[in-house]
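# Architecture and fold: a report
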Amino acid sequence: MNSKGASTSGGDGTRDSSAPRRNSKKPKYSRFTQQELPACKPILTPAWIITAFALVGLVFVPIGLASLSASEQVVEIVDRYDIDCIPEQFQNHQLAYMQSSQTNKTCTRNLIVPRKMNSPVYVYYQLDNFYQNHRRYVKSRSDKQLRSKAYEHVTDSCKPEDKANGSAIVPCGLIAWSLFNDTYKFSLDSKVLEVNKKNIAWKSDQDHKFGSDVYPKNFQSGELIGGAKLNASIPLSEQEDLIVWMRTAALPTFRKLYGKIEVDLELNDKITVVIQNNYNTYSFGGKKKLVLSTTTWIGGKNDFLGVAYLTVGGLCLFLSICFVLLYVFKPRTLGDPSYLSWNRNAAGHPS
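Residues numbered from 1 in each chain as written. Predicted model: local features only at pLDDT ≥ 70, side-chain atom pairs only at ≥ 80, totals over all residues. Heavy atoms only, no water.

### Remarks on the overall build of the protein
Basically, it comes down to this: Elements are defined by DSSP. Helices are runs of H or I of four residues or more, strands are runs of E of two residues or more, and each kind is numbered from the N terminus. Working definition: with a 1.4 Å probe on protein chains only, accessible area under 20% of the residue-type maximum means buried, over 50% means exposed, and in between means partly exposed. Every residue pair with non-hydrogen atoms within 4.5 Å of one another is taken to be in contact. The method behind every accessible area is Shrake-Rupley, applied with a 1.4 Å probe, and residues are considered shielded solely by the protein chains displayed.
Across its full length, the protein holds nine helices and eleven strands. The buried share of the protein, reckoned over its 351 residues, is 34%. Restricting to contacts in the protein with at least 6 residues of sequence separation, those with at least 24 account for 79%. When the accessible area of the protein is evaluated, it comes to approximately 22400 Å², of which 55% is carbon and sulfur surface.

Next comes the structure, spelled out in structure tokens:
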């Protein structure tokens, strides 16, 4: 026998205990790894099923009723003005009317308050068929540029609205370039209703996404003007109309906050609105609406949440009643749970 064999085997053929062993892949035993810890293993008896469905129904139905009630308490005025604010002689040439600098785009609308509206009354503009969620549109911005003056020239993601007259546009990109620029002035009984445009943007956006040292530069100075212009003496962190617009919407129909009227509006009050109809939605078949709305604990007017709760709650109650009737008129004998594997002892007998 050679030396190698001698080092690994004894004379009687037994393996030397000092020899290295192969690493075993067998895990170290524990009740946790072997899933032998005590566990809840409920048996879904008819009583449990009926009780669960009944409880869900009894909880969801009141929540749904409360949500619908809160939504009904919201007073909302919606006025579509994009068609009516085009003079009759331009109805067949809407795009030419909007693109001409010679046409008067002032429009006056009258709104009647259907119910008392307690302050604050929120003023929104609503756009339909406007796809702010389009991939190229969403990417057409420079977050670094918006945050800090040091990144003023970081505009690679903003093309084609990245530069004008040989220098960087601040803020750059299609989102900022297409900033909504219709304006609204409200009056009641010949008295001006002031619209508070402070605190309409998310504070986190103001503090963290738009820098206090970043000022507009070369904005809307190219050949093609997209939307509103910005005051070059005000930092982006204080330009709340821009901040609201830059938070892009997920759906093609969306509302954005324009401001707040901080006085109560009474039943049948006649509000006069002077609109500057500047924003061009006519080239892509879009719609523009002015919305005045109050809020409740659930927010604005939205029946979907209440209807969803009522639907699920009602369905659960219906199923619980069906199971009760089925259990009463066609009962089934339950098996003995002592024969389940987890209820048997080591010998295989019921414990």
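### Some points on the UniProt feature "transmembrane region" (unreviewed entry) in the protein
Stated precisely, the cut-off is as follows: UniProt positions are given in the numbering used here, feature names are shortened, and annotations may be inferred rather than shown by experiment.
If you check UniProt for "transmembrane region" (unreviewed entry), the listed places come out as residues 47–70 and 307–329 in our numbering. From the first C-alpha to the last, residues 47–70 spans 35 Å; its make-up is 100% helix and 0% strand.

### Focus: the pattern of salt bridges
Definition in use: Just to be clear on terms, a salt bridge is a Lys or Arg side-chain nitrogen sitting within 4 Å of an Asp or Glu carboxyl oxygen.
Taken as a whole and judged by the stated rule, the model has twelve salt bridges. Residue D143 pairs with R141 through a salt bridge whose shortest N-O separation is 3.0 Å. The buried category is assigned to R141, whose relative accessible area is 17%. A salt bridge links K197 to D241, with the nearest nitrogen and oxygen atoms 3.2 Å apart. Here K197, found in the loop between β8 (195–196) and α7 (203–208), pairs with D241, found in helix α8 (residues 240–246); they are 44 residues apart in sequence, far enough to count as distant. In this structure, a network of salt bridges that share partners links the residues D79, D84 and R109.

### A closer look at the side chain of Q126
Here Q126 lies in strand β3 (residues 121–128). Setting aside its immediate chain neighbours within four residues, Q126 contacts T253, F254, R255, K287, K288, K289 and V291.

### Side note on the sheet that holds strand β7 (residues 191–193)
Keep this limit in mind: Being paired, for any two strands, means DSSP has found at least two bridges between them. Here an angle of 0 to 180 degrees is reported between the N-to-C directions of two axes, which are lines fitted to C-alpha atoms, with helices fitted over the stretch in contact.
In space, the four strands of this open sheet follow the order β2-β10-β6-β7, with antiparallel pairing throughout. Each having just a single partner strand, β2 (106–112) and β7 make up the two edges of the open sheet. Taken over all neighbouring pairs, the strand axes of this sheet differ in orientation by 30° on average, direction set aside. By the bridge criterion, three bridges tie strand β6 (residues 183–188) to β7 in an arrangement that is antiparallel. Pairing of L188 across the sheet is with K191, part of β7.

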